[in-house]
Amino acid sequence: MAEVDWITWKTDPKELIDKEKIESNLNNKTTEINSIMDNLSNSLKLEVEKGGLNKESLHINGETPGNEVANKILNKIEVIKNINTKLNNKIMDQANKQKQVEKEQLITAIEEKVIEQEKILENTKALRDRLTANNGLISSNEVESIIHTTEEKITMLKERLERAKAI
Amino acid sequence: MNNQNSVDLEKLTNSLKVVEVANDNLNNMSLSNIIMDIDSDLTKWNFEHGNCFKDYKEVLDSLIKELDNLKVETSELAKSLGKTISNFSNIEKNISFRKTDLLNNLSSAVENSNVNKIPEPVTETDSGIQEQDPINTVPVGLGIAASGIAGSVGAVIVDSMMPSEQKDVIPDYEEPTEIVEKVEKSEEFDESIAREEKFDDVSPYHAERNKEVIDKFYDKEDNN
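Conventions we followed
- Residues numbered from 1 in each chain as written.
- Chains lettered and ligands numbered in written order.
- Predicted model: local features only at pLDDT ≥ 70, side-chain atom pairs only at ≥ 80, totals over all residues.
- Helix = DSSP H or I, 4+ residues; strand = E, 2+ residues; numbered from the N terminus.
- Buried ≥ 20, exposed ≤ 12 C-beta atoms within 10 Å, placed from the backbone.
- Contact = placed C-beta atoms within 7 Å.
- Nonpolar A, V, L, I, M, F, W, Y, C, P; charged D, E, K, R; others polar.
- Core = buried A, V, L, I, M, F, W, Y, C linked by C-beta atoms within 7 Å.
- Axes fitted to C-alpha atoms, helices over the stretch in contact; angles between N-to-C directions.
- Parallel < 35°, antiparallel > 145°, perpendicular 65-115°, else oblique.
- Expected span 1.5 Å × (residues − 1).
- Left-handed = near helix turned anticlockwise from the far one by under 90°.
- pLDDT = per-residue confidence, 0-100.

Enquirer: Sorry if this is basic, but what is going on with the overall build of chain A here?
Expert: Counting secondary structure elements, chain A contains four helices and one strand. Mapped in sequence order, the helices and strands of chain A form the string α-α-β-α-α. A total of 167 residues make up chain A; the buried ones form 24% of that total. For chain A, the share of sequence-separated contacts (at least 6 apart) that also reach a separation of at least 24 residues comes to 69%.

Right, dumping it as structure tokens:
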């Protein structure tokens, strides 16, 4: 049987995994990293193409050490950017899967809660019938109040269920 | 393999500045902070959503490792560029210094020498006999000296290739032993001559005595 607290917690959209927020957060971090990497890459590329890190600026016996190391660094910058993109993709993929899991859990929990409340309603109605027959101990007003409250709960739960399905 | 060597110190110096700035940017705290923030966010999201994010630590670790490698390589590039620039600057200074030195020596040698003019050749032209410009011996001397400078500059380059402990060690000039001995001997000889020559410089008393002895020797008294 589903826990009422759990349902209350999960029906708050802010408490469900927010993949848009995660995506935005990761994109900001990626932009910052790429900005630093691109600045570094652009300045080095300029030096490799026209400056002191091109082959002609330091060419000793067929070796061009400055150019070679600079190109190695440029490749490493691309590797770092690729790793960062790979990390983002991985996190977003897992966030999408988690959202789907949480949505299914929420729908199942609300559906179980509806069934629980319907049983309460059914039992209370049966009690009312017996009280009417036996001119029983509790007043019919009290029984009517319980039936009314339970019907309201079921209505609210069904509304939550529709909202959960729409997430 | 291309053996055409080239070093552009000005461009290398500019590149060194660029690499140093890049190195500073890599080593400042922002990159490390961004990665720490990503790690912190993922830990928080995992706590709230039942450890849904898996294997990200490995990717983050490889990111940190690559960044560390990048920092090391950039730093090494800056150091190597600095060292290369310093070495080649020293060689240039050395060559320049020795060139100046040799040119000064050449100038003073030319100033001190007698410039002999070779007789002017005479050529005949349509307009008659025409004298050619006098041929000065100085350019010839300069040519010889220039060859000497070229040789010295070559020596500087070779010198720069020598092991550091041997660099810049120019052996003192030593006169060959035989010549020194000869010179010493000749000096002694000159002194002996000088000593003999100085026999004439005697005091009047001794001169008188000498005269007496000489006169006796020639029996001058008898003659008197």
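Enquirer: Explanation requested: the overall build of chain B in the structure shown.
Expert: Along chain B, the regular secondary structure elements total seven helices and five strands. Starting at the N terminus and ending at the C terminus, chain B contains elements arranged as β-α-α-α-β-β-β-β-α-α-α-α. The contacts of chain B with a sequence gap of at least 6 include a subset with a gap of at least 24, amounting to 63%.

Enquirer: Just checking my understanding: could you explain the interface of chain A and chain B for this structure?
Expert: Where interface size is given, it is often the accessible area lost as the parts come together that is meant. Chain A puts 40 residues into the contact, and the matching count from chain B is 43 residues. Looking at the side of chain A that touches chain B, the elements that each hand over two or more residues are helix H2 (19-49), strand S1 (58-59) and helix H3 (65-134) of chain A. Among the residues forming the side of chain A that touches chain B, the class breakdown is 19 nonpolar, 13 polar and eight charged.

Enquirer: Hey, could you run me through the nonpolar core in this one?
Expert: Nonpolar side chains in soluble globular proteins tend to be buried together. Counting residues in hydrophobic clusters, the biggest one holds 35 residues, and the most contacted among them are Leu40(A), Leu44(A) and Val19(B). The dominant element in this core, judged by the number of residues it contributes, is H2(A), at eight residues. Sequence-distant contacts of Val19(B), defined by excluding residues within four places in its chain, comprise Thr74(B), Leu77(B), Ala78(B) and Leu81(B). One finds Ala109(A), Leu157(A), Leu161(A) and Ala164(A) within the second-largest nonpolar core, a separate group that totals six residues.

Enquirer: Looking at this model, I keep getting lost on the packing of helix H2 (residues 29-48) of chain B against helix H3 (residues 56-112) of chain B. Mind explaining?
Expert: Each pair of packed helices can be described by the angle between their axes along with the distance between the axes. All names here are of chain B. For the pair H2 and H3, interaxial distance at closest approach is 11 Å and the crossing angle is 175°. Relative to H3, the element H2 lies roughly antiparallel. Together, Leu31, Ile35, Ile38, Asp39 and Leu42 of H2 and Tyr56, Leu60, Leu63, Ile64 and Leu67 of H3 make up the contact between the two elements. Residue composition of the contact of H2 with H3, grouped by class: nine nonpolar, no polar and one charged.

Enquirer: Explain H3(B) to me, please; I cannot follow it from the model alone.
Expert: Because the α-helix completes a turn every 3.6 residues, residues three or four places apart line up on one side. Taking 1.5 Å per residue, 57 residues should reach 84 Å; H3(B) reaches 83 Å between its end C-alpha atoms and fits that length. If you check which residues of H3(B) are buried, you get Leu63(B), Leu67(B), Leu70(B), Thr74(B), Leu77(B), Ala78(B) and Leu81(B).

Enquirer: Sorry, what's going on with unusual backbone geometry here?
Expert: Negative phi values dominate among residues other than glycine, just as trans dominates among peptide bonds. One non-glycine residue with positive phi stands out, namely Asn61(A), at about 50°. Structurally, Asn61(A) is set in the loop between S1 and H3. The backbone of Asn51(B) shows a phi angle near 50°, a positive value even though the residue is not glycine. Among the structural elements, Asn51(B) can be located in the loop between H2 and H3.

Enquirer: Sorry if this is basic, but what is going on with the packing of helix H1 (residues 9-27) of chain B against H3(B) here?
Expert: Residue and element names in this part refer to chain B. Across the interface, H1 lies against H3 with an axial gap of 9 Å and an inter-helix angle of 155°. One finds that H1 runs roughly antiparallel with respect to H3. The interaxial crossing formed by H1 with H3 has left-handed handedness. Every residue of H3 that contacts H1 at Leu9, Leu12, Thr13, Ser15, Leu16, Val19, Glu20, Ala22, Asn23, Leu26 and Asn27 is listed here: Leu70, Lys71, Thr74, Ser75, Leu77, Ala78, Leu81, Gly82, Thr84, Ile85, Phe88 and Ser89. Split into classes, the residues belonging to the contact of H1 with H3 amount to twelve nonpolar, nine polar and two charged.

Enquirer: Looking at this model, I keep getting lost on helix H4 (residues 140-166) of chain A. Mind explaining?
Expert: Here H4(A) contains 27 residues, and its C-alpha end-to-end distance of 40 Å stays within 8% of the 39 Å for a straight helix at 1.5 Å per residue. Listed in full, the buried residues belonging to H4(A) are Leu157(A), Arg160(A), Leu161(A) and Ala164(A).

Enquirer: Can you walk me through the confidence of the model for chain A in this structure?
Expert: Summary statistics for chain A give a mean pLDDT of 85 and a share of 88% for residues scoring 70 or more. Here helix H1 (residues 4-10) of chain A is the element of chain A with the lowest mean pLDDT, 53, and H2(A) is the one with the highest, 93.

Enquirer: Looking at this model, I keep getting lost on the confidence of the model for chain B. Mind explaining?
Expert: For residues with low pLDDT, the predicted coordinates do not support detailed interpretation. Residues and elements named next belong to chain B. Per-chain confidence: chain B averages 69 in pLDDT, with 49% of residues scoring 70 or above. Per-element averaging of pLDDT across chain B places helix H4 (residues 137-161) at the bottom with 47 and H1 at the top with 91. Contacts of residues 134-147 to residues separated by more than four positions or lying in other chains number twelve contacts, the stretch itself having pLDDT below 50. Low pLDDT (under 50) marks residues 186-190, which in the prediction has zero contacts with non-local residues, meaning those over four places away or in another chain. Overall fold confidence for the complex sits at a pTM of 0.59, while the interface term, ipTM, reaches 0.73.

Enquirer: Teacher, can you tell me more about the environment of Ile167(A) here?
Expert: As for its position among the elements, Ile167(A) is in the segment after H4. For Ile167(A) and Leu16(A), which are 151 residues apart along the polypeptide, the C-alpha to C-alpha distance reads 9.6 Å.

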